[in-house]
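Below, each chain spelled out in residue letters.
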Amino acid sequence: MARRIRLGRPGWVRCYDQQRDLTDSLRKAGLDVWISSASPQPFVEVWAESVGIDAGHVIGIRSRAADPSRTTPAR
């Protein structure tokens, strides 16, 4: 069952019991747990915190722009 994480985090953050159980089991086994995702890095960092994974252990999509004020390609 999905649980919405409220602790000051956005309402869209959902964590399933199985996800939390898996990360806890991996840590107990002595593994260094990382998250690699095709989602934007800031989103994954918020989710990772909800299962106790440090934002420094997250690899997500990172956008880069030559001019951060532009949201569309120059013509």
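Conventions used here
- Residues numbered from 1 in each chain as written.
- Predicted model: local features only at pLDDT ≥ 70, side-chain atom pairs only at ≥ 80, totals over all residues.
- Heavy atoms only, no water.
- Core = buried A, V, L, I, M, F, W, Y, C linked by side-chain atoms within 4.5 Å.
- Buried < 20%, exposed > 50% of the residue type's maximum accessible area, 1.4 Å probe, protein only.
- Helix = DSSP H or I, 4+ residues; strand = E, 2+ residues; numbered from the N terminus.
- Contact = heavy atoms within 4.5 Å.
- Polar contact = N/O pair within 3.5 Å; in protein donor to acceptor, adjacent residues only side chain to side chain.

**Q** Mind laying out the nonpolar core, listing which residues take part and the relevant values?
**A** Counting 10 residues, the largest nonpolar core is built from Val13, Cys15, Val33, Ile35, Val44, Trp47, Ala48, Val51, Ile53 and Val58. Looking at this core, the element that brings in the most residues is helix α2 (residues 41–50), giving three residues. Every residue in contact with tryptophan 47, bar those within four places of it in the chain, is listed here: Val13, Arg14, Cys15, Gln19 and Ile35.

**Q** Which residues make up the environment of serine 37, and what are the values?
**A** The residue serine 37 is located in strand β3 (residues 35–40) in this model. Since its relative accessible area comes to 25%, serine 37 is described here as partly exposed. Placed 21 residues apart in sequence, serine 37 and valine 58 show a C-alpha to C-alpha distance of 8.0 Å. If we skip the residues at most four places from it in the chain, serine 37 touches Val44, Ile59, Gly60 and Ile61. For serine 37, the side chain forms a polar contact with the main-chain nitrogen of serine 39, separated by 3.0 Å.

**Q** An account of the environment of serine 39 is requested, with residue identities and associated values reported.
**A** Here serine 39 lies in strand β3. For the pair serine 39 and isoleucine 61, spaced 22 residues apart in sequence, the C-alpha to C-alpha distance is 5.8 Å. The residues touching serine 39, leaving out its near neighbours within four places in the chain, are Val44, Gly60 and Ile61.

**Q** Kindly report on α2, identifying the contributing residues and their values.
**A** Where α2 is concerned, the buried positions are Gln41, Val44, Trp47, Ala48 and Ser50. The secondary structure elements touched by the buried residues of α2 are β2 (14–16), α1 (17–28), β3 and β4 (58–61). Glycine 52 occupies a position one or two residues after α2 and carries a positive phi of about 80°.

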